[in-house]
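Structural overview
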Amino acid sequence: ELKVEQNPLFLSMQEGKNYTIYCNYSTTSDRLYWYRQDPGKSLESLFVLLSNGAVKQEGRLMASLDTKARLSTLHITAAVHDLSATYFCAVDDNAGNMLTFGGGTRLMVKP
Amino acid sequence: DGGITQSPKYLFRKEGQNVTLSCEQNLNHDAMYWYRQDPGQGLRLIYYSQIVNDFQKGDIAEGYSVSREKKESFPLTVTSAQKNPTAFYLCAIGTTGELFFGEGSRLTVL
């Protein structure tokens, strides 16, 4: 059974600071996804990582994937308040049938 | 307007009643999914369908039923057998794993 764990579960940080969210998963997979969810809203796709060593960047967010370590990171650079949201990673079962989600990291950026 | 449409956005139900949540898409995707989200939690897969007239159970299918009679539609019925149905329900479509979500339906059991 595929298990996906994120840490931290909650992160409060000051604007301008850097931080990293971690996503570990339990079985072999080459495909990992990051999503953002604002309170009361649906999920928005942020990054698609499809191979070992993949790195994607969008604005102040950068995601990477190490399939050998079964680890993905979401790095936040110089955080701003607009980044406050819950971030989820999700891992494909390698058959393309279903995603298993982590529990989410609730990020709060304080001015 | 294209995309994924879920309805209703909010729904209240009395205990013992079945309710059906609608999910419609006009993006011509084969695969459709239903997830459940509880407060402060991640998403858990209820059912998914990769082709018309076929669907598979996810991790928490008990107390739910689905149908896939048309490519565009994948309704979810929350039956009275679901003991704790209050949750946020998200429908998604996808190809090779990447999912795109509808706006969600929030079900509250009174």
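Residues numbered from 1 in each chain as written. Chains lettered and ligands numbered in written order. Predicted model: local features only at pLDDT ≥ 70, side-chain atom pairs only at ≥ 80, totals over all residues. Heavy atoms only, no water.

**What to know about unusual backbone geometry**
- Residue Pro8 of chain A is bonded to the preceding Asn7 of chain A through a cis peptide linkage, with omega at 0°.
- As for its position among the elements, Pro8 of chain A is in the loop between strand E1 (4-7) and strand E2 (10-14).
- Cis geometry is adopted by the peptide bond preceding Pro8 of chain B, which originates at Ser7 of chain B and carries an omega value of -5°.
- Tracing the backbone shows Pro8 of chain B in the loop between strand E1 (4-7) and strand E2 (10-13).
- Positioned with a positive phi, Ala78 of chain A is a non-glycine residue whose angle comes to about 50°.
- Along the chain, the position of Ala78 of chain A falls in the loop between strand E8 (71-76) and strand E9 (85-92).
- Accessibility expressed as a relative area gives 24% for Ala78 of chain A, which makes it partly exposed. (Helix = DSSP H or I, 4+ residues; strand = E, 2+ residues; numbered from the N terminus. Buried < 20%, exposed > 50% of the residue type's maximum accessible area, 1.4 Å probe, protein only.)

**Section: the pattern of salt bridges**
Residues and elements named next belong to chain B.
- Inspection of every chain in the model, using the stated rule, returns five salt bridges over all chains.
- Note that Asp30 and Lys71 form a salt bridge whose closest N and O atoms lie 3.4 Å from each other. Taken as a pair, Asp30 in the loop between strand E3 (19-25) and strand E4 (31-37) and Lys71 in the loop between strand E7 (64-66) and strand E8 (76-78) lie far apart in primary sequence, 41 residues in all.
- You can call Asp30 partly exposed: its relative accessible area is 42%.
- Salt bridges linked by common partners bring Arg36, Asp38 and Arg44 together as one network. (Salt bridge = Lys/Arg side-chain N within 4 Å of Asp/Glu carboxyl O.)

**Here we look at the nonpolar core**
- Counting residues in each nonpolar core, the largest one holds 25 residues, and the members touching the most others are Leu32, Trp34, Leu74, Ile76, Tyr87 and Leu107 of chain A.
- Looking at this core, the elements with two or more residues in it are E2, strand E3 (19-25), strand E4 (32-37), strand E5 (43-49), strand E7 (61-66), E8, E9 and strand E11 (105-110) of chain A.
- Contact partners of Tyr87 of chain A, with chain neighbours within four places excluded, come to Gln6, Ile21, Tyr35, Arg36, Leu46, Leu61, Leu74, Gly104, Thr105 and Leu107 of chain A.
- Counting 21 residues, the second largest nonpolar core, distinct from the first, contains Ile4, Leu21, Ile46 and Phe74 of chain B. (Core = buried A, V, L, I, M, F, W, Y, C linked by side-chain atoms within 4.5 Å. Contact = heavy atoms within 4.5 Å.)

**A few points about the sheet that holds strand E6 (residues 55-58) of chain A**
Residue and element names in this part refer to chain A.
- Spatially, E1-E3-E8-E7-E6 is the arrangement adopted by the five strands of the open sheet, whose pairing is antiparallel. Where the open sheet ends on each side, the last strands, each with one partner, are E1 and E6. Sheet twist, expressed as the average angle between the axes of neighbouring strands with direction ignored, equals 15°.
- Sheet analysis places E1 next to E3, joined by four bridges and oriented antiparallel. Note on E3: the bridge partner recorded for Val4 is Tyr25. (Pairing = 2+ DSSP bridges. Axes fitted to C-alpha atoms, helices over the stretch in contact; angles between N-to-C directions.)

**Observations concerning the state of the cysteines**
- Counted by the stated rule, this structure contains two disulfides over all chains.
- The disulfide that involves Cys23 of chain A links it to Cys89 of chain A, with 2.0 Å between the sulfurs. Residues Cys23 of chain A and Cys89 of chain A are joined through a disulfide that is right-handed, its torsion about the S-S bond being 80°. Of this pair, Cys23 of chain A sits in strand E3 while Cys89 of chain A sits in strand E9, placing them 66 residues apart in sequence. Of the two residues, Cys23 of chain A and Cys89 of chain A, neither departs from the other in class, the shared state being buried.
- Two residues, Cys23 of chain B and Cys91 of chain B, share a disulfide whose sulfurs are 1.9 Å apart. (Disulfide = S-S within 2.5 Å.)

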